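# Structural overview
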Amino acid sequence: MTLHRVALPTGALELTIDASEFPLDELMGFAARDNAKRGFLFLSKVLGKHWPVKPSLMTTIHETLAAAVPAMPGPLVFIAMAETAIGLGQGVFEAWLRAHPGQDALFLHTSRYRVGDAPIIEFQEAHSHAPRQFLHLPAGDAERKLLMHARALVLVDDEASTGNTFQNLADACRTLNPGIERVHLATITNFMGVDATAALSERFGLPVTLGASASGRYSFAPGQFTPSGGEAQRFDPDADRGANAGFGRYGLQRALETPEALASLLAAQIGPRENVLVLGTGEFMHASYLLGAALERHGADVVVQSTTRSPILTWGAVSAAMRFPDNYGEGIANFLYNVRRGQYDHVFICHETAPNAALFELAGELDARLFHFLTETHIEEVSEIPVR
């Protein structure tokens, strides 16, 4: 057991670690949110969101969490939480598929965008700066059948601190499918504490298990910090945000295809001592991991991370911050952390939205190349970036 006391600009955090499969400072750091609802952040160093991560390390985390999923009656439905854990959840799902070939399972991820005309269920992530989350019902008959006949859920997030969001999503899914018998929670860190974790089954009203790479408990005393108050969600049910249904919002029964041809092309353009950042955008995260992993297999010195709508202070585990427009067109600020201009020899930005001014601005700041993923196999490089 180890105790950490951290004085943040937003308050005082106390964290007790009961168990960890990895050294804590390799797994996470501490950061301060610019958020009135929660002033702290356990910033993951293995997630590939706010911190640059080797794809091979991300794969290790995926496989570790997948191996902790207990044997449960099928079909299984894996659901990843937007936006931070979408790539994590998809990686865990694909690692589980590799270990259980031929078994029925479905992957979905939640979203903060309405995509197409598929019915949605809504639930709340109450502590978030952008609390409204949506789960699209699969449009395909086979995928919808799996969801409606699932007997177990695997809910994936980067961190569990209260369990409230997990319970809200599980309740919404059980309203849709009362036949769900079990729930497993997969998280990198579980800081609910031993007693709260042991009480999950009673709280959810069915058997609940939890697998985490580190576990413990925390307390936080807010300070006098005044958040900037910037809006982080402007949901419009009639707006087309350019989000793509084909990468997990409508459900997948298989792993996404790795962009091997693109990786081979790019690898030939990377010098032996050059470093590479593959950058995902917002909810579009897993494709950047797959491209990064393929480049790493080609021998490239590569890391992966993503842009985010989360406002975080430049302090602690966040040494640099960039602010730029939202490429999904909500008109809210987006951010990139721990990246500086000129830090990488090559920056490849993976995006699902059509090329737009926000992407051009980001690419210009990072001297990056843009790759528009229309489908898994149809990827177009945006060759013309307007001069600002």
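Structure report, in brief. Each chain has its residues counted from 1, running along the sequence as written. Whole-chain, interface and lining totals are the exception, using all residues; otherwise, since this is a predicted model, local features are given only for residues with pLDDT of at least 70 and side-chain atom pairs are given and counted only at 80 or more. Calculated side-chain values reflect all of the structure's heavy atoms, with hydrogen atoms and water omitted.

Looking now at the side chain of D326. Here D326 is to be found in the loop between strand 14 (321-325) and strand 15 (333-337). Under the scheme applied here, a residue whose accessible area is under 20% of the maximum for its type counts as buried, over 50% as exposed, and between as partly exposed, the area being computed with a 1.4 Å probe on protein chains only. In summary, the charge assignment counts Lys and Arg as positive and Asp and Glu as negative, without counting His or the chain termini. Salt bridge, as used here, is a side-chain nitrogen of Lys or Arg placed within 4 Å of a carboxyl oxygen of Asp or Glu. For the buried D326, no salt bridge is present, and the opposite-charge side chain at shortest range is R241, 5.9 Å distant. Where helices and strands are cited, they refer to DSSP runs of H or I of at least four residues and of E of at least two residues respectively, numbered from the N terminus.

Before going further, it helps to examine the pattern of salt bridges. Scanning the model with the defined rule gives 15 salt bridges in all. Between R151 and E181 there is a salt bridge whose closest N-O contact spans 3.0 Å. One end of the pair, R151, is in the loop between helix 4 (141-149) and strand 9 (152-160); the other, E181, is in the loop between helix 5 (164-176) and strand 10 (182-190), with 30 residues separating them in the sequence. Note that R369 is salt-bridged to E381, the shortest N-O span being 2.8 Å. Taken together, the residues span a long stretch of sequence, with R369 in strand 17 (residues 369-373) and E381 in strand 18 (residues 379-382) at a distance of 12 residues. Bridged by salt links that share partners, the residues K49, E83, R309 and E330 form one connected network.

Here we come to the sheet that holds strand 17. The strand order across the open sheet formed by five strands is 13-12-16-17-18, and the pairing between neighbours is mixed. Each end of this open sheet is capped by a strand with a single partner; those strands are strand 13 (301-306) and strand 18. Taking the axes of each pair of neighbouring strands and ignoring which way they run, one obtains an average angle of 25° across the sheet. The criterion for strand pairing is that DSSP finds at least two bridges linking the strands in question. Here an angle of 0 to 180 degrees is reported between the N-to-C directions of two axes, which are lines fitted to C-alpha atoms, with helices fitted over the stretch in contact.

Now for the sheet that holds strand 2 (residues 11-20). One key point about sheets: their strands pair by backbone hydrogen bonds, in either a parallel or an antiparallel sense. Pairing within the open sheet is mixed, and its seven strands lie in the order 1-2-11-10-9-5-6. At either end of the open sheet lies a strand with only one pairing partner, and these are strand 1 (2-8) and strand 6 (105-109). Here the average twist between neighbouring strands, direction ignored, is 25°. In this structure, strand 5 (residues 76-80) lies alongside strand 9, joined through five bridges in parallel fashion. Across the sheet, I79 pairs through a bridge with L155, a residue of strand 9. A contact between two residues is defined here by any heavy atoms of the two lying within 4.5 Å. Taken strand by strand, helix 3 (residues 86-99) contacts strand 5, strand 6, strand 9 and strand 10, and its axis lies near 170° from that of strand 6. Sheet contacts for helix 5: strand 5, strand 9 and strand 10; angle to strand 9, the most-contacted strand, approximately 160°.

Let us look at the nonpolar core. Nonpolar cores were defined as sets of buried Ala, Val, Leu, Ile, Met, Phe, Trp, Tyr and Cys residues, with membership established by side-chain atoms within 4.5 Å. Residues L76, F78, I79, L88 and L155 are the most contacted members of the largest nonpolar core, which totals 68 residues. Once residues lying within four places of it in the same chain are set aside, the contact partners of L155 are I79, F166, L169, A170, V183, H184, L185 and A186. One finds Y113, F247, A263 and F373 within the second-largest nonpolar core, a separate group that totals 31 residues.

Think of it this way: a Phe, Tyr or Trp ring, Trp meaning its six-membered ring, pairs with another when their centres are within 6.5 Å, and the plane angle makes it stacked under 30 degrees, edge-to-face over 60, tilted otherwise. Overall, the coordinates contain 14 aromatic pairs when judged by the stated rule. Pairing F40 with F220 gives two aromatic rings, centres 4.9 Å apart and planes at 50°, and the pair type is tilted. Of this pair, F40 sits in strand 4 (residues 40-44) while F220 sits in strand 11 (residues 208-222), and the two are 180 residues apart along the sequence. Judged by its relative accessible area of 4%, F40 falls in the buried class. For F220, a relative accessible area of 21% corresponds to the partly exposed category. Site record: aromatic cluster; members linked through ring pairs are F30, F40, F42, F191, Y218 and F220. A ring is considered to have a charge above it if a Lys NZ or an Arg CZ atom is located within 6 Å of its centre and within 35 degrees of its normal. Sitting over the face of the ring of W51, K45 holds its NZ or CZ atom 4.8 Å from the ring centroid.

Structurally, T16 is set in strand 2. Exposure remark for T16: the relative accessible area of 9% places this residue in the buried category. Not counting residues within four places of it along the chain, the set of residues in contact with T16 comprises M1, T2, L3, S215, G216 and R217.

A few words now on the packing of helix 2 (residues 55-67) against helix 3. Angle between the axes and distance between the axes: these two values describe a pair of packed helices. It is the contact of helix 2 with helix 3, at a shortest axis distance of 8 Å, that shows an interaxial angle of 65°. The handedness of the crossing between helix 2 and helix 3 comes out as right-handed. Contact residues: helix 2 offers T59, I61, H62, E63, L65 and A66, while helix 3 offers G87, L88, G91, V92, A95, W96 and R98. Each helix crossing is assigned a hand: it is left-handed if the near helix lies turned anticlockwise from the far helix by less than a right angle, otherwise right-handed if that turn is clockwise.

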